[in-house]
Amino acid sequence: NISGALCISQAWPGMARTIYNDHKRFLETYLTSYPGFFFTGDGAYRTREGYYQLTGRLDDIINISGHRLGTAEVEDVVNHHVAVAESAVISYPHEIKGEGKMLVFLPLKCLSQGYCSGNGYTQETLAAELRELISQKIAKYAAPEYVQVTHRGWPSAHPH
């Protein structure tokens, strides 16, 4: 089990060959970081069995009060919650911090496996649990100010 940058050793049809009017940037971005390989810009996790899981963009960074935080790092923590099937972290302009962070997640496991109804989850309890989980696994500053829960069975999805 190992994680790192996803790089490809051989060219393939349809592969980008340049960036319009900026070939130097193309070379620096995709071919210089890992000589002999094409750097996709994505992170990946490979299991012992040889399966790959994309973990997110390595260059997708949010700056919160001077702390640089990868969105994939937060999404990975959230996706380990029993009720969450997938998530996305986005930023928004913040007057004091520079950028704020909003976590949006879609708890598909609630629909297919009954986790939410059986455990008494509400939007508020899920949001609180996710903030606490992020605070414990990463840091308090990483906990999002807004959590938007989307679920077909709940009356509406709005930030908490």
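Residues numbered from 1 in each chain as written. Predicted model: local features only at pLDDT ≥ 70, side-chain atom pairs only at ≥ 80, totals over all residues. Heavy atoms only, no water.

Thoughts on the nonpolar core
- Core analysis: the largest hydrophobic core is formed by 18 residues, its most contacted members being Leu 69, Val 74, Val 78, Leu 126, Leu 130, Ile 134 and Val 147.
- When residues of this core are traced back to their parent elements, those giving at least two are β4 (61–64), α2 (71–78), α5 (123–137) and β8 (146–149).
- The biggest single contributor to this core is α5, with five residues. (Core = buried A, V, L, I, M, F, W, Y, C linked by side-chain atoms within 4.5 Å. Buried < 20%, exposed > 50% of the residue type's maximum accessible area, 1.4 Å probe, protein only. Helix = DSSP H or I, 4+ residues; strand = E, 2+ residues; numbered from the N terminus.)

Let's talk about the pairing of strand β2 (residues 38–46)
- Buried residues dominate β2, accounting for seven of its nine residues.
- With six bridges joining them, strand β1 (residues 2–8) and β2 adopt antiparallel strand pairing. Among the inter-strand pairings, Cys 7 is bridged to a residue of β2, identified as Phe 39.
- Counting the residues in the hairpin turn of β2 and strand β3 (residues 52–57) gives five residues, including Gly 50, whose phi is positive at 95°. (Pairing = 2+ DSSP bridges.)

Function cannot be read off these values alone, since they describe shape.
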